[in-house]
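# Secondary and tertiary structure notes
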2 protein chains.
Amino acid sequence: MRNFKLTIQYDGTKYNGWQKQGNTKNTLQGIFENIISKMFGEEIEVFGSGRTDAGTHAKGQVANFKCKTDMTANSIKDTINKYLPKDIVVTECEEKELRFHSRLNAKSKDYLYIIDNGTNRDVFMKNYAFRVDEKLDIELMKKATSYFIGEHDFRAFCSNKRHKKSTVRTIYSIDVSEENGKIYILFKGNGFLYNMVRILVGTLIEIGSSKKSIDDIEKIFKGEDRKDAGFTAPACGLYLMNVYY
Amino acid sequence: MRNFKLTIQYDGTKYNGWQKQGNTKNTLQGIFENIISKMFGEEIEVFGSGRTDAGTHAKGQVANFKCKTDMTANSIKDTINKYLPKDIVVTECEEKELRFHSRLNAKSKDYLYIIDNGTNRDVFMKNYAFRVDEKLDIELMKKATSYFIGEHDFRAFCSNKRHKKSTVRTIYSIDVSEENGKIYILFKGNGFLYNMVRILVGTLIEIGSSKKSIDDIEKIFKGEDRKDAGFTAPACGLYLMNVYY
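Residues numbered from 1 in each chain as written. Chains lettered and ligands numbered in written order. Predicted model: local features only at pLDDT ≥ 70, side-chain atom pairs only at ≥ 80, totals over all residues. Heavy atoms only, no water.

Along its length, chain A carries five helices and 10 strands. A compact globule built from 245 residues should have a C-alpha radius of gyration of about 18 Å, and chain A, at 19 Å, falls within 12% of that. Overall size of chain A, expressed as C-alpha extent along the three principal axes, is 60 × 40 × 30 Å. Residues counted as buried form 54% of the 245 residues belonging to chain A. Across chain A, every contact between residues at least 6 apart in sequence was considered, and the portion connecting residues at least 24 apart equals 71%. Accessible surface, chain A as shown: approximately 11800 Å² in total, 45% of it carbon and sulfur. Of the side chains in chain A, 39 bear a positive and 32 a negative charge, and the two mean positions are spaced by 5 Å. (Helix = DSSP H or I, 4+ residues; strand = E, 2+ residues; numbered from the N terminus. Rg over C-alpha atoms; globule rule 2.2 N^0.38 Å. Buried < 20%, exposed > 50% of the residue type's maximum accessible area, 1.4 Å probe, protein only. Contact = heavy atoms within 4.5 Å. Areas by Shrake-Rupley, 256 points an atom, 1.4 Å probe, with all protein chains shown as cover. Lys, Arg positive; Asp, Glu negative; His and termini not counted. Charge placed at Lys NZ, Arg CZ, Asp CG, Glu CD.)

Take a look at the structure:
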């Protein structure tokens, strides 16, 4: 038995997220399992580093699968790419030790969120950024990020209603930058709860447009209530950038 | 009567080009005439600086229309943008003298063509660049461009079979550059024939992949036969960048 790690990019516009769920069609996991199972003539499960929501993009999603084969990692990559649609690509295939698991061994992740905040909407970013017409106060948003950095209970910034597991996560850094009317927000952390990045972005946008103040952040953390935090920013602006092991 | 000049960007992926033609739906001209006629309560014709093919994009298409109104140019811009779909935007609206005509007065145009030639295909450029897997020889392509610059009869580089009008055009410059696996080819000229940029790009790609040699270019010009030139590169890589007056 051998174990292969795939690094994957996808334009998530058309897809129902990474994880196959019951009858939900058009998931990335489903597409990969279909191709890889056919390649090796047996049912093969493909493990992703984590779910990505419907419409979310990836520049560095990681997955792994096990199979018996004599193929080189490189020819596995080329063969999968031949069968993938044009909006999905494997950028790397690497053999790993058998115990490697893309989700269980993930140590940290980077997510990028792009807001289109230019004078005119960017028609080419329609599916790749969240358009906000109102000019946002980036300096205020930058200041606000410092309240999220470090270890916190992010229960109020999570869409899950039942919290069976810990909702404590550590954010290492949040970088806000601006170029050509786009605002880029890069999150680095040891893990992110369901919708957490999108809710943090929604909260930052409400701060940048004076609907919330920086002083509200502490109250939101203390209240532990999803309703107090900002809206869930749309999936089209979100990119899973890197998974570290 | 007043005359307004519009500068327009569009993601051409979904559209059948600029010009309305018989029953062809989903043309940019049709969409603009529909919105502007409704705004002013009368049939208004919108003149574009030229056709763009189905699937071709624009970062600086220019159009003009005449109407009686008290609206400012800026509020016309905002109103049209409110009714346009998200993949089309007016970036500028300016009042011009009555004799201004976006096509008849155009002095020169810039077109950009983007080739995705990186190691891995760029899933985010699926509709915005032409993917070529084979590594192209950019130095050879740069050398070849010099044979197209200046005044030439581009009859062999045109898809029109009947040439009622002159097929002589002047190309001022062709700049080939590379960044992150993308090849950018910028054409500046006093005018371009039907499919001319796409056929020039197809010819440059055949030179860059050694299917044609630089010596073939002179023969193609002399033969005046479309069949001798390269293939018509797909519309998705083409952008109308600027129209100058």
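Moving on, we get to the pairing of strand β9 (residues 182–189) of chain A. Residues and elements named next belong to chain A. In the sheet, strand β5 (residues 108–116) pairs with β9 via eight bridges, with the strands oriented antiparallel. When the sheet's bridge partners are listed, lysine 109 is paired in β9 with glycine 189. Alignment of strand β8 (residues 168–179) against β9, held across eight bridges, turns out to be antiparallel. In the sheet register, aspartate 175 faces β9, and the bridge partner there is leucine 186. The hairpin formed by β8 and β9 contains two residues between the paired strands, and asparagine 180 there has a positive phi angle of roughly 50 degrees. (Pairing = 2+ DSSP bridges.)

As a further point, take the packing of helix α1 (residues 28–40) of chain A against helix α2 (residues 73–83) of chain A. Residues and elements named next belong to chain A. Between α1 and α2, the shortest axis-to-axis distance is 10 Å and the interhelical angle comes to 120 degrees. What the angle tells us is that α1 and α2 run oblique. For α1 against α2, the interelement crossing comes out right-handed. The segment α1 lies against α2, with Phe32, Ile35, Ile36, Met39 and Phe40 engaging Ile76, Thr79, Ile80 and Tyr83. When grouped by side-chain class, the residues that make up the contact of α1 with α2 number eight nonpolar, one polar and no charged. (Axes fitted to C-alpha atoms, helices over the stretch in contact; angles between N-to-C directions. Parallel < 35°, antiparallel > 145°, perpendicular 65-115°, else oblique. Left-handed = near helix turned anticlockwise from the far one by under 90°. Nonpolar A, V, L, I, M, F, W, Y, C, P; charged D, E, K, R; others polar.)

Contact residues are listed per partner, giving 23 residues for chain B and 23 residues for chain A. For the pairing of chain B and chain A, the buried interface totals around 1900 Å² over both sides, and the portion due to carbon and sulfur atoms is 60%. In terms of surface lost to chain A, no three residues of chain B exceed Arg121(B), Val123(B) and Phe124(B), which account for 39% of the buried area on that side. At the boundary of chain B with chain A, the tally comes to zero salt bridges. (Buried area = accessible area lost by both parts, 1.4 Å probe. Salt bridge = Lys/Arg side-chain N within 4 Å of Asp/Glu carboxyl O.)

For residues with low pLDDT, the predicted coordinates do not support detailed interpretation. Chain-level pLDDT for chain A is 95 on average; 99% of the residues reach the 70-or-more range. Interface predicted TM-score (ipTM) for the complex: 0.89; the corresponding pTM is 0.92. (pLDDT = per-residue confidence, 0-100.)

To continue, consider the packing of aromatic side chains. In this description, an aromatic ring pair is defined by two values, namely the gap between the centres and the angle between the planes. Residues and elements named next belong to chain A. Applying the stated criterion across every chain, the model contains 26 aromatic pairs over all chains. Taken together, a centroid distance of 6.2 Å and an interplanar angle of 65 degrees make the contact between phenylalanine 154 and phenylalanine 157 edge-to-face. A relative accessible area of 0% means that phenylalanine 154 is categorised as buried. If you follow lysine 96 out to its NZ or CZ, it ends over the ring of phenylalanine 100, 5.4 Å from the centre. (Phe/Tyr/Trp six-rings, centres within 6.5 Å; stacked < 30°, edge-to-face > 60°. Lys NZ or Arg CZ within 6 Å of the ring centre and 35° of its normal.)

What relates the pair of chain copies is a rotation about an axis plus a shift along that axis. Of the transformation placing chain B onto chain A, the axial shift is 0.0 Å and the rotation is 180 degrees, giving an RMSD of 0.0 Å. One copy is carried onto the other by what is essentially a two-fold rotation axis. A high fraction, 100%, of the interface residues of chain B reappear at the interface in chain A, so the copies pair face to face through one surface. (Least-squares fit on C-alpha atoms with pLDDT ≥ 70 in both.)

Right, let's get into helix α3 (residues 138–145) of chain A. Along an α-helix, a turn takes 3.6 residues, which lines up residues three or four apart on a common side. Residues and elements named next belong to chain A. Residues of α3 that are buried include every one of Ile138, Met141, Ala144 and Thr145, and no others. The buried residues of α3 occupy an angular sector of 115 degrees when projected down its axis, which confines them to one face. Residues of α3 that are exposed and point more than 90 degrees away from the buried face comprise Glu139 and Lys143. Where the residues of α3 are buried, they touch β5, β8, β9, α4 (196–208) and α5 (216–223). Structurally, the start of α3 carries an N-cap: the backbone nitrogen of glutamate 139 is 3.2 Å from a side-chain oxygen of aspartate 137. (Arc of directions from axis to C-beta. Polar contact = N/O pair within 3.5 Å; in protein donor to acceptor, adjacent residues only side chain to side chain.)

Below, the discussion takes up the pairing of strand β8 (residues 168–179) of chain B. Alignment of strand β7 (residues 150–153) of chain B against β8(B), held across four bridges, turns out to be antiparallel. Within β8(B), the position partnered with Gly150(B) by the bridge is Ile171(B).

Residues and elements named next belong to chain A. With respect to the helices and strands, the residue glutamate 206 is situated in helix α4. In this structure the side chain of glutamate 206 is engaged in a polar contact, spanning 2.8 Å, whose partner is the side chain of lysine 212. Setting aside residues no more than four positions away along its own chain, glutamate 206 makes contact with Lys211, Lys212, Gly230 and Phe231.

Turning to its location among the elements, Asn195(A) is positioned in the loop between β9 and α4. When near neighbours in sequence (up to four residues on either side) are disregarded, Asn195(A) contacts Asp53(A), Phe157(A), Ser159(A) and Thr232(A).

This paragraph deals with the pattern of salt bridges. Residue and element names in this part refer to chain B. Tallied over the full model, the rule gives 30 salt bridges over all chains. Here lysine 20 ties to glutamate 33 by a salt bridge, and the two come within 2.7 Å at their closest N and O atoms. With lysine 20 in the loop between β1 (2–10) and α1 (28–40) and glutamate 33 in helix α1, this pair connects stretches of sequence that are 13 residues apart. Taking relative accessible area as the criterion, lysine 20 reaches 40% and is therefore assigned partly exposed. A salt bridge links lysine 211 to glutamate 134; the shortest N-O distance between them is 3.3 Å. Here lysine 211, found in the loop between α4 (196–208) and α5 (216–223), pairs with glutamate 134, found in the loop between β6 (130–131) and α3 (138–145); they are 77 residues apart in sequence, far enough to count as distant. For glutamate 134, a relative accessible area of 41% gives the class partly exposed.

To continue, consider the UniProt feature "active site" (unreviewed entry) in chain A. All names here are of chain A. On the UniProt side, "active site" (unreviewed entry) is annotated at positions that read Asp53 here. Judged by its relative accessible area of 18%, aspartate 53 is buried. Residues within four places of aspartate 53 in sequence aside, it is in contact with Gly17, Tyr194, Asn195 and Arg198. (UniProt positions renumbered as here; feature names shortened; annotations may be inferred.)

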